[in-house]
Amino acid sequence: MRHFGLLTCLAAGTCLFSPSVMAEPVALLHARLVDGTGAAAKPDMTIIIDHGQIVSIGQAPEHGVRTLDLHGKTVMPALISDHSHVGLVDGMTTASRNYTRATILAALEQYRRYGVLTVTALGLNKSPLFDQLRREQHQGVNPGADLFGVDQGIGAPGGMPPEAMVDKMGHDQIFRPHTPQEARQAVDRMADEGTDFVKIWLDDLHLTNPAKPPLPLLGAPVWQAAMAEAHKRHLRVAVHIHDLDLAHQALAHGADILAHGVRDKPVDTALITQLRTSGAWYIPTLSLDESTYYFAEHPEVLSQSVVYDAMSPALRNTVADENWRKSTLAKPASAAAHGALAMNERNLLALYRRGVHIGFGTDSGATPLRLPGFAEHRELVLLVQAGLTPLQAINLATQQAAALLGLQDRGVLAVGKRADLLVIDGAPDRTISDIDLISQVWQRGTPVSDGLVPKGKTP
């Protein structure tokens, strides 16, 4: 009876399981396999999962192994975010007081429901809560996505990230060193806490929002000291940039990751050479700029459950307000964001074609408009809009995103890898928006979510 119940609810996509239920092998039959490497989909494949890992692909299951028929469905790796945030947003507020266990776990559950099973929270995190939750997510103690990231991060006194963004941030959430020695001390504290990276903000926000005066930039001796200390402590450095000049400077002093795309002017040969020679990674975060105006321009998307369910009630009410939409679209920041997205897409394609290492991230969770999970779906659409094929976009969001994090156990569907996978009622390798049609999410070999309501269905 247990076997019959398992197969019935798997086929219907309407039940969840504890890890102990899936301790025995299960074979997924007749699936279209998109393995995450960029290779073409393989039809009618069998995937056998046992104890959280893929143990066989393409071989018939042994007699007695439980089976699940996935005819007409696509199986692909779960998505991985190299740049997100947790614990900053609650409803329409972005505030330090939101940084609680409950808020973070709710966001990680939402990421999981949208098929994002590994999340990198790139700064503004409070110790020791973040460090404890990171350990728990690695161990699978709580529901939700696995968690990596930066502890506090380093920004300019009075500058980026602006205090108005997360009110009254203290040293438990961000360091604002005045001197090289203070910068080194900040890095040492993060290293001692177990941070995965060091984050440095270099951006005055003037190009993003020309209506406001520039914020102070972190002094070069300070951020250079921070980068040198991070490398001394064997930590990679992710740098928040917006424009080409700062990207050049960051890479010249050893930046390992550009945490956003260049959005002020076309990338030049010098930047391409720096990125390729150093092996540094580039995360375009296309959807960041689009998020500032997307819902104001497209209020009709509220009729889609994939959007509606990702929003808080407060955000739904805001987006439905015509006055808010008109005010948003009239802001200089919205016009600047349109231009930034167009330049970002152009630069992404140029760098991709030249063989630069490209990661996958969205800055989701940093503001109420950057919706955990849905932002990652939009990023895939924008990558294709920029000129990548759907398979190339999926490769960035899976195999390449895992490679940026140095994770060898996930990101592709192959023997020996973690069985973090999505079952989709569509073909995202052909039509990238089919990523919205997730019917099942499997984490460590266990079905953990029924996925999303089919795209276009009204709430």
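Residues numbered from 1 in each chain as written. Predicted model: local features only at pLDDT ≥ 70, side-chain atom pairs only at ≥ 80, totals over all residues. Heavy atoms only, no water.

J.: Explain the UniProt feature "domain: Amidohydrolase-related" (unreviewed entry) in the protein here, please?
T.: Here the UniProt-annotated "domain: Amidohydrolase-related" (unreviewed entry) positions come out as residues 74-435. Taken end to end, residues 74-435 has its terminal C-alpha atoms 10 Å apart, with 42% of it in helix and 13% in strand. (UniProt positions renumbered as here; feature names shortened; annotations may be inferred. Helix = DSSP H or I, 4+ residues; strand = E, 2+ residues; numbered from the N terminus.)

J.: Looking at this structure, how should I read the packing of helix 2 (residues 101-113) against helix 3 (residues 129-139)?
T.: What describes two packed helices is the angle between their axes and the distance between those same axes. Relative orientation of the contacting elements helix 2 and helix 3 amounts to 40°, with a least axis distance of 11 Å. In terms of crossing hand, the pair formed by helix 2 and helix 3 is right-handed. Residues Arg-101, Ile-104, Leu-105 and Leu-108 of helix 2 form the contact with helix 3, whose own contacting residues are Leu-129, Gln-132, Leu-133, Glu-136 and Gln-137. For the contact of helix 2 with helix 3, a count of residues per class yields 5 nonpolar, 2 polar and 2 charged. (Axes fitted to C-alpha atoms, helices over the stretch in contact; angles between N-to-C directions. Left-handed = near helix turned anticlockwise from the far one by under 90°. Contact = heavy atoms within 4.5 Å. Nonpolar A, V, L, I, M, F, W, Y, C, P; charged D, E, K, R; others polar.)

J.: Any chance you could explain the nonpolar core here in plain terms?
T.: Soluble globular proteins tend to bury their nonpolar side chains together. In terms of nonpolar packing, the biggest core is built from 113 residues, with Ile-200 and Phe-295 touching the most fellow members. With 9 residues, helix 15 (residues 390-405) is the single largest residue contributor to this core. In contact with Ile-200, other than residues within four places in its own chain, are Ile-154, Leu-218, Trp-223, Ala-226, Met-227, Val-237, Ala-238, Val-239 and His-240. In this structure, Leu-28, Ala-31, Leu-421 and Trp-442 belong to the second largest nonpolar core, which totals 16 residues. (Core = buried A, V, L, I, M, F, W, Y, C linked by side-chain atoms within 4.5 Å. Buried < 20%, exposed > 50% of the residue type's maximum accessible area, 1.4 Å probe, protein only.)

J.: Just checking my understanding: could you explain helix 7 (residues 269-278) for this structure?
T.: Counting along an α-helix, one turn takes 3.6 residues, and residues three or four places apart therefore face a common direction. Of the positions making up helix 7, those classed as buried are Leu-271, Ile-272 and Leu-275. Mapping the buried residues of helix 7 onto a view down its axis gives an arc of 100°, with all of them on the same face. Exposed side of helix 7, more than 90 degrees from the buried face: Thr-269 and Thr-277 are the residues found there. Elements in contact with the buried residues of helix 7: helix 6 (244-252), strand 13 (257-258), strand 14 (281-282) and helix 13 (332-353). Just downstream of helix 7 lies Gly-279, where phi reads positive at about 75°. (Arc of directions from axis to C-beta.)

J.: Can you walk me through the packing of aromatic side chains in this structure?
T.: Any two aromatic rings considered together are summarised by their centre-to-centre distance and by the angle between their planes. Inspection of the entire model under this criterion finds 2 aromatic pairs. With centroids separated by 5.3 Å and ring planes inclined at 70°, the aromatic side chains of Tyr-294 and Phe-295 adopt a geometry described as edge-to-face. Exposure remark for Tyr-294: the relative accessible area of 11% places this residue in the buried category. Taking relative accessible area as the criterion, Phe-295 reaches 3% and is therefore assigned buried. Taking 6.1 Å as the distance between ring centres and 35° as the angle between the ring planes, the aromatic pair formed by Phe-295 and Phe-374 counts as tilted. You can see Phe-295 sitting in helix 9 (residues 294-297) and its partner Phe-374 sitting in helix 14 (residues 374-386), a full 79 residues away along the chain. Taking NZ or CZ as reference, Arg-316 lies 4.0 Å from the ring centre of Tyr-308, over its face. (Phe/Tyr/Trp six-rings, centres within 6.5 Å; stacked < 30°, edge-to-face > 60°. Lys NZ or Arg CZ within 6 Å of the ring centre and 35° of its normal.)

J.: Would you explain the pairing of strand 9 (residues 116-122) in this entry?
T.: A regular strand places its side chains on the two faces of the sheet in alternate fashion. The buried fraction of strand 9 is high, at 7 of 7 residues. Two elements, strand 6 (residues 79-84) and strand 9, share 4 bridges in a ladder whose sense is parallel. When the sheet's bridge partners are listed, Ile-80 is paired in strand 9 with Thr-118. Direction of pairing for strand 9 relative to strand 10 (residues 146-150): parallel, over a ladder of 5 bridges. (Pairing = 2+ DSSP bridges.)

J.: Can you walk me through the side chain of His-242 in this structure?
T.: Tracing the chain through its elements places His-242 in the loop between strand 12 (236-240) and helix 6. Using a relative accessible area of 2% as the deciding quantity, one classes His-242 as buried. Excluding its chain neighbours within four sequence positions, the residues that come into contact with His-242 are Leu-202, Asp-203, Leu-207, Thr-208, Gly-261, Val-262, Arg-263, Asp-264 and Ala-340.

J.: Mind showing me how you'd approach the environment of Gln-408 here?
T.: Relative to the elements of secondary structure, Gln-408 occurs in the loop between helix 15 and strand 16 (421-424). A relative accessible area of 61% places Gln-408 in the exposed class. Distance from Gln-408 to Lys-212, taken between C-alpha atoms, is 44 Å for residues 196 residues apart in sequence.

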